[in-house]
Amino acid sequence: MKIKKIAKELVSLTVLQINELSKILHEKYGIDDISLTTNTQNPQTYEPQKTKEKVKTKFDLILKTPGQSKLAVIKLIRSLTGHGLKDSKELVDKVPSIIKSNLNKAEAELLIKEFDKIGALAELK
């Protein structure tokens, strides 16, 4: 409860109060690395820094269209997934289908190129 109260008080400080707090922390306790992004020209227009968007690191490989050679696509899916002939054929027949999940971007892009080589269309999600 004490920490929540302190946090609430810190958030309600004005720019001048923050500068004064920074000075006290520096002089009395030797703490130098307190930095806040503020608009010092007009403190009334202060907006907190927006958090960075999360960068997606895992992707699903989706087969959009098998192209002209379904057999080549079925063979590629079998080699990539280890599925049997029947399961691989079902993935091709029921497009769009998830071929592989949780791929890193580099690996997924290589697989997309493999599908491109045989005339199929695949994408990342």
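See the structure above.
Notes on the structure in this doc start here. Along each chain, residue indices are assigned from 1 in the same order as the chain's sequence is written. Only residues with pLDDT of 70 or above have their local features reported here, since the model is predicted, and side-chain atom pairs are shown and tallied only from 80 upward, although totals for entire chains, interfaces and linings are computed over all residues. To get the side-chain values, take all heavy atoms of the structure and skip hydrogens and water.

So, helix α4 (residues 85-93)
Classification of residues uses two cut-offs on accessible area relative to the type maximum, computed with a 1.4 Å probe and protein chains only: under 20% is buried, over 50% is exposed, and between them is partly exposed. A helix here means a DSSP run of H or I that spans at least four residues, while a strand means a run of E at least two residues long, and both kinds are numbered starting from the N terminus. Among all positions of α4, only S88, L91 and V92 are buried. Taken around the axis of α4, the buried residues stretch over an arc of 100°, which confines them to a single face. Throughout, a residue-residue contact means that at least one pair of heavy atoms, one from each residue, lies within 4.5 Å. Tucked into the core, α4 has its buried residues touching β1 (59-65), α3 (70-81) and β2 (97-103). The reported arc concerns the directions from the helix axis to the C-beta atoms and nothing else.

A short note on a nonpolar patch on the surface
The patches described consist of residues with a relative accessible area above 30% and no salt bridge, like charges being joined within 9 Å and nonpolar side chains (Val, Leu, Ile, Met, Phe, Trp, Tyr) within 5 Å. What sets the accessible areas is the Shrake-Rupley method with a 1.4 Å probe; for residues, cover comes only from the shown protein chains. We count a salt bridge whenever a side-chain nitrogen from Lys or Arg sits within 4 Å of a carboxyl oxygen from Asp or Glu. A cluster of nonpolar side chains, contributed by I3, I6, L10 and L21, occupies part of the molecular surface with about 360 Å² of accessible area. Per-element tally for the nonpolar patch: the top contributor is helix α1 (residues 2-11), with 3 residues. Following the sequence through the fold, L21 ends up in helix α2 (residues 15-29). The class for L21 is partly exposed, based on a relative accessible area of 31%.

Comments concerning the pattern of salt bridges
Per the stated rule, a full pass over the model turns up 5 salt bridges. For K117, the salt bridge goes to E114, with nearest N and O atoms at 3.4 Å. Of this pair, K117 and E114 both sit in helix α5 (residues 105-117), separated by 3 residues, roughly a single helical turn. Of the residues examined, K117 reaches a relative accessible area of 66% and is grouped as exposed. A residue is classified by how much of its surface remains accessible, and E114, at 33% relative accessible area, is partly exposed. One salt bridge in this structure joins K125 and E123, with 4.0 Å as the shortest N-O distance. Overlapping salt bridges bring together K64, E123 and K125 as one network.

Comments concerning the packing of α3 against α5
Angles here are taken between N-to-C directions and fall from 0 to 180 degrees, while the axes themselves are lines fitted to C-alpha atoms, restricted in helices to the stretch in contact. Taken N-terminus to C-terminus, the directions of α3 and α5 make an angle of 155°; their axes are 10 Å apart at the nearest point. When the interaxial angle is binned, α3 and α5 end up roughly antiparallel. As α3 packs across α5, the resulting crossing turns out to be right-handed. In this structure, α3 contributes V73, L76, I77 and L80 to the contact, and α5 contributes L111, E114 and F115. Residue classes follow a fixed rule: Ala, Val, Leu, Ile, Met, Phe, Trp, Tyr, Cys and Pro count as nonpolar, while Asp, Glu, Lys and Arg count as charged, and any other residue, Gly among them, counts as polar. Looking at the contact of α3 with α5 residue by residue, the class counts come to 6 nonpolar, no polar and 1 charged. For classification purposes, an angle smaller than 35 degrees is called roughly parallel, one larger than 145 roughly antiparallel, one from 65 to 115 roughly perpendicular, and anything else oblique. Working rule for handedness: look at the near helix, and if it is turned counterclockwise from the far one by less than a right angle, call the crossing left-handed; if clockwise, right-handed.

With respect to the side chain of S97
As for its placement among the helices and strands, S97 is situated in strand β2. Engagement of the side chain of S97 in a polar contact is seen with the backbone oxygen of L91, the distance being 2.4 Å. In contact with S97, not counting residues within four places along its chain, are L61, I62, L63 and L91. Polar contact criterion, stated in full: a pair of N or O atoms within 3.5 Å, where within protein one must be able to donate a hydrogen and the other to accept it, and residues adjacent in sequence count only if both atoms are side-chain atoms.

A closer look at the sheet that holds strand β3 (residues 121-124)
We call two strands paired when DSSP finds no fewer than two bridges between them. Spatial ordering of the open sheet is given by β2-β1-β3, a layout of 3 strands whose pairing is antiparallel. If you trace the sheet from one side to the other, it starts and ends with β2 and β3, each paired once. Each strand axis lies, on average, 25° off the axis of its neighbour in the sheet, ignoring direction. Those strands touched by α5 are β1, β2 and β3, and its axis lies near 150° from that of β2.

Considering the nonpolar core
L61, L63, V73, I77, V92, I99 and F115 are the most contacted members of the largest nonpolar core, which has 17 residues in total. Secondary structure elements with two or more residues in this core: β1, α3, α4, β2 and α5. It is α3 that contributes the most residues to this core, 5 residues altogether. Excluding residues that lie within four positions of it along the chain, I99 makes contacts with L61, L63, I77, T81, L91 and F115. Each nonpolar core is a collection of buried residues, namely Ala, Val, Leu, Ile, Met, Phe, Trp, Tyr and Cys, held together in the definition by side-chain atoms within 4.5 Å.

Just distances and angles here, no functional claims.
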